[in-house]
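Structural characterization, general
What follows is the residue order along each chain.
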2 protein chains.
Amino acid sequence: MSILVVGSVALDSIETPFGNRKEILGGSATFFSISASFFDKVNIIATVGEDFPKKHLRMLKNRGIDTSGVAINKGKTFRWEGRYEYDMNVAHTLATHLNVFQDFAPEIPHALRNSSVLFLANIDPDLQDRVLRQVNKPKLIACDSMNHWITNKKQSLEKFLHKVDIFLLNDAEARQFSGESNLMKAAKAITSMGPKSVVIKKGEHGVIYYSKKGHFVAPAYPLENVYDPTGAGDTFAGGVIGYLSRAGKMNDAVIRKGIIYGSIMASFAVEDFSVNRLLNTKLSDINKRYSDFKKLTHF
Amino acid sequence: MSILVVGSVALDSIETPFGNRKEILGGSATFFSISASFFDKVNIIATVGEDFPKKHLRMLKNRGIDTSGVAINKGKTFRWEGRYEYDMNVAHTLATHLNVFQDFAPEIPHALRNSSVLFLANIDPDLQDRVLRQVNKPKLIACDSMNHWITNKKQSLEKFLHKVDIFLLNDAEARQFSGESNLMKAAKAITSMGPKSVVIKKGEHGVIYYSKKGHFVAPAYPLENVYDPTGAGDTFAGGVIGYLSRAGKMNDAVIRKGIIYGSIMASFAVEDFSVNRLLNTKLSDINKRYSDFKKLTHF
């Protein structure tokens, strides 16, 4: 099948205990698409400013990712500045400059309106819905969100989620959205609010998958070196959705494998800044970690 | 085989968002022994004061636990007062009254000096060593510790750990003991400091097992209702060590199963205050959760 991702392409400035980087490639659609490109064909819908380095677009194209939907608009590219302490599960935002992303009003080119798999990264739920209405009956609809939309656009988000097959969000967002501190209760509450299933991302603590049909829990792939967790959630989503798209079907066994592939993709993403480690990852590395993951968790 | 556990028997006063309880049965040896008693024969070495309710000792005896090593000493029983917020991974100590536990100087009765499995719960590492020297070549030696001993008796602890097969500690203690914030690095560092293997307990986030021969990671058994996490770590240890004792051997497959049984025992412990839920647990409940755990984590 082919995947359409709608989200951000950004320039990040990151501080971690292991070093700082300025204006490195980031954005939800970036991490998602590189991750998913290991499994299936990906098309990006996003916006960047005139200042966006062309080399990044070339790199995406060279990986077989269709960037024809990345609009280069007058103005500056979306920038995010963040810091992590030793507890890498928590990102401290230092500055957000939306720039051209402020006026992001995604129009899906006609050629992409028959995409079979749709991933709506963390954008305004009204925009997520607007995109969805432009696509002809996708077979799989997945989305992410964030605290900002849960606080300010909860009604829109709730309405939109009724159309969604897989809603991915992190543990803090799941608690906020459901009002439940216990994550199993939160997962149950969220699935009763519309989406067919929910994936709660717990960072280094793994993941909970919850649907009316069944549940799945997995630890994260254990790592000794975590340099920069930026983009881990979108990379995870890229692995999950990429694997499901390639499998061409969605059943319990396929979802479980997809979640493990997502976890493995995220494990590579955090081992270096930006998408550096992902770009140096081979299919054989992914398969090796998949096999290691089986050995690590089997009982 | 038969298990000898040396640790505390206490009266706890607990505050949680779900209710408060005063002077309920607690203590590391209590939780450990009840948990392990589902798997094998257990003997407790501990001390209580003259005020200790006899009904608790009767309850332990009725479960087949040998309490002949529980000394009733002049004075009051060890008391701990603690509070949990919604984040149940963190215990806030309100008060600790060591009372008779202050002078705990365990003497192992001759009849128990041939115990094949030894669990040294969280006590002064010098006492742990003193106990170990009284037992004739146990086949399996496991121990716990805590931040207090890591801070104040690190040298004693390090020396003692060279004799230990399985060192169980929680994530914060592992970070403190190793000086590593990353838990895989911490586990690696700790196994290089003496013990044959280390089990890092991450509460609701599961567990990491690390030895030179191999690693195992497992999520916690997912629960919707957690009322009181007190004793979860010792209950976990009781399940692990109980299972290993019953199996009569220690290899990779047996350790993995033991860790899952430990996680399941802990999942019962936290569903009510004190040992209440454990006392209402049947072997069939344990086996049901074991089978559920397989289904929940299989991929």
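Just so we're clear, the structure is a prediction, and the values are computed from it rather than from any experiment. (Residues numbered from 1 in each chain as written. Chains lettered and ligands numbered in written order. Predicted model: local features only at pLDDT ≥ 70, side-chain atom pairs only at ≥ 80, totals over all residues. Heavy atoms only, no water.)

**Describing the overall build of chain A**
Along the backbone of chain A there are eleven helices and 13 strands. The globule rule puts the C-alpha radius of gyration for 299 residues at 19 Å, and the 18 Å found for chain A is close to it. By principal-axis analysis of the C-alpha atoms, chain A measures approximately 55 × 40 × 35 Å. Taken over 299 residues, chain A has a buried fraction of 61%. Nonlocal contacts in chain A, meaning residues at least 24 apart in sequence, comprise 62% of its contacts between residues at least 6 apart. Computing the positive centroid from 39 side-chain charges and the negative centroid from 30, chain A places the two 7 Å apart. (Helix = DSSP H or I, 4+ residues; strand = E, 2+ residues; numbered from the N terminus. Rg over C-alpha atoms; globule rule 2.2 N^0.38 Å. Buried < 20%, exposed > 50% of the residue type's maximum accessible area, 1.4 Å probe, protein only. Contact = heavy atoms within 4.5 Å. Lys, Arg positive; Asp, Glu negative; His and termini not counted. Charge placed at Lys NZ, Arg CZ, Asp CG, Glu CD.)

**Focus: the interface of chain B and chain A**
Across the contact, 30 residues belong to chain B and 30 residues belong to chain A. Summed over the three residues of chain B that lose the most area to chain A, namely V217, E224 and F299 of chain B, the buried surface amounts to 28% of that side. At the boundary of chain B with chain A, the tally comes to two salt bridges. In this structure, the salt-bridge partner of E224 of chain B is K188 of chain A, at a minimum N-O distance of 3.5 Å. Applying the counting rule to chain B against chain A returns 16 residue pairs in polar contact (both at pLDDT 80 or more). (Buried area = accessible area lost by both parts, 1.4 Å probe. Salt bridge = Lys/Arg side-chain N within 4 Å of Asp/Glu carboxyl O. Polar contact = N/O pair within 3.5 Å; in protein donor to acceptor, adjacent residues only side chain to side chain.)

**Here we look at helix α9 (residues 252-269) of chain A**
Residues and elements named next belong to chain A. End to end, α9 covers 26 Å across 18 residues, agreeing with the expected 26 Å (1.5 Å per residue, within 8%). Counted residue by residue, α9 has 15 buried out of 18 residues, so it is predominantly covered. If you check the start of α9, you find a side-chain oxygen 3.1 Å away from the backbone N of A253, and it comes from N251. (Expected span 1.5 Å × (residues − 1).)

**A look at the packing of α9 of chain A against helix α11 (residues 283-297) of chain A**
Axis angle and axis distance: for two packed helices, these are the angle between their axes and the distance between the axes, and together they describe the pair. Residue and element names in this part refer to chain A. Running from N to C, α9 and α11 cross one another at 115°; their axes reach a closest spacing of 10 Å. The two elements α9 and α11 cross, and the hand of that crossing is right-handed. Each of K257, I260, Y261, S263, I264, M265, S267 and F268 in α9 lies in contact with α11, whose residues at this interface are D285, I286, N287, R289, Y290 and F293. In terms of residue class, the contact of α9 with α11 is built from eight nonpolar, three polar and three charged. (Axes fitted to C-alpha atoms, helices over the stretch in contact; angles between N-to-C directions. Left-handed = near helix turned anticlockwise from the far one by under 90°. Nonpolar A, V, L, I, M, F, W, Y, C, P; charged D, E, K, R; others polar.)

**Structural notes on the pairing of strand β10 (residues 166-170) of chain B**
Residue and element names in this part refer to chain B. The buried count for β10 comes to four of five residues, which makes it a mostly enclosed element. Bridging between strand β9 (residues 140-143) and β10 involves two bridges; their strand directions are parallel. Across the sheet, the residue bridging to A142 is I166, located in β10. Sheet topology note: the β10/strand β11 (residues 197-201) ladder contains five bridges and is parallel. Residue pairing for β11: F167 is matched across the bridge by V198. (Pairing = 2+ DSSP bridges.)

**Observations regarding the pairing of strand β13 (residues 214-218) of chain B**
All names here are of chain B. Counted residue by residue, β13 has four buried out of five residues, so it is predominantly covered. Across five bridges, strand β12 (residues 207-211) lies against β13 in antiparallel orientation. Residue pairing across strands places Y210 opposite H215, the latter belonging to β13. Between the antiparallel neighbours β12 and β13 lie two residues.

**Observations regarding the sheet that holds strand β12 (residues 207-211) of chain A**
Residues and elements named next belong to chain A. The strand order β5-β4-β1-β8-β9-β10-β11-β12-β13 describes an open sheet built from nine strands, whose pairing is mixed. What marks the edges here is a single partner per strand, and that holds for β5 (66-73) and β13 (214-218). Each strand axis lies, on average, 15° off the axis of its neighbour in the sheet, ignoring direction. Strand contacts of helix α2 (residues 54-62): β4 (41-49) and β5, with the helix running at about 165° to β5, the strand carrying the most contacts. In this fold α9 packs onto β12 and β13, with an angle of close to 25° to the strand it touches most, β13.

**Examining the environment of L161 of chain A**
Residues and elements named next belong to chain A. Of note, L161 is situated in helix α5 (residues 154-161). Taking relative accessible area as the criterion, L161 reaches 0% and is therefore assigned buried. Sequence spacing of L161 and G194 is 33 residues, and the spatial spacing of their C-alpha atoms is 5.3 Å.

**Comments concerning the pattern of salt bridges**
Applying the stated rule across the entire model yields 34 salt bridges over all chains. Residue R133 of chain B is joined to D129 of chain B by a salt bridge in which the shortest nitrogen-to-oxygen separation is 3.0 Å. Taken as a pair, R133 of chain B and D129 of chain B lie in helix α3 (residues 125-134) at a separation of four residues, close to a single helical turn. Since its relative accessible area comes to 15%, D129 of chain B is described here as buried. What you see here is one network of salt bridges that share partners, running through E23, D51 and R79 of chain A.

**Structural notes on a nonpolar patch on the surface**
Judged by side-chain polarity, F18, Y86 and Y227 of chain A come together as a nonpolar surface patch covering roughly 320 Å² of accessible area. Along the chain, F18 of chain A turns up in the loop between β2 (10-16) and β3 (19-26). (Patch = residues over 30% accessible without salt bridge, like charges linked within 9 Å, V, L, I, M, F, W, Y side chains within 5 Å. Areas by Shrake-Rupley, 256 points an atom, 1.4 Å probe, with all protein chains shown as cover.)

**Regarding the sheet that holds strand β3 (residues 19-26) of chain B**
Picture the strands of a sheet paired through backbone hydrogen bonds; they go either parallel or antiparallel. All names here are of chain B. Here four strands make up an open sheet; going across it, the order is β3-β2-β6-β7 and the pairing mixed. Edge positions in the open sheet fall to β3 and β7 (91-97), since each of these has one partner strand only. Each strand of the sheet is rotated relative to its neighbour by a mean of 15°, with strand direction disregarded.

**Section: unusual backbone geometry**
You will see that K137 of chain A, though not glycine, has its phi angle at about 40°, which is positive. On the secondary structure map, K137 of chain A appears in the loop between α3 (125-134) and β9 (140-144). The backbone of N99 of chain B sits at a positive phi, close to 50°, despite the residue not being glycine. Its place among the elements puts N99 of chain B in the loop between β7 and β8 (117-120).

**Comments concerning helix α6 (residues 171-178) of chain B**
Residue and element names in this part refer to chain B. Within the span of α6, buried status applies to D171, E173, A174, F177 and S178. The arc that holds the buried residues of α6, viewed along the axis, is 160°, so those residues lie on one side. Where the residues of α6 are buried, they touch α4 (147-152), α5 (154-161), β10, α7 (183-191) and β11. By the N-cap criterion, in which a side-chain oxygen at the helix start approaches the backbone nitrogen of a residue two or three places on, α6 is capped by N170, the distance to A172 being 3.1 Å. (Arc of directions from axis to C-beta.)

**Observations concerning the packing of aromatic side chains**
Under the defined criterion, the tally for this structure stands at 26 aromatic pairs over all chains. When the centroid spacing of 5.6 Å and the interplanar angle of 80° are considered together, the rings of Y290 of chain A and F299 of chain B count as edge-to-face. With Y290 of chain A in helix α11 and F299 of chain B in the segment after α11 (283-297), the pair connects residues from two separate chains. Taking relative accessible area as the criterion, Y290 of chain A reaches 10% and is therefore assigned buried. Ring geometry for F18 of chain B versus Y227 of chain B: centroids 5.3 Å apart, planes at 85°, classification edge-to-face. Of this pair, F18 of chain B sits in the loop between β2 (10-16) and β3 while Y227 of chain B is found in the loop between β13 and α8 (232-247), placing the two residues 209 residues apart along the sequence. Sitting over the ring of F299 of chain B, K294 of chain A keeps its end group 5.0 Å from the ring centre. (Phe/Tyr/Trp six-rings, centres within 6.5 Å; stacked < 30°, edge-to-face > 60°. Lys NZ or Arg CZ within 6 Å of the ring centre and 35° of its normal.)

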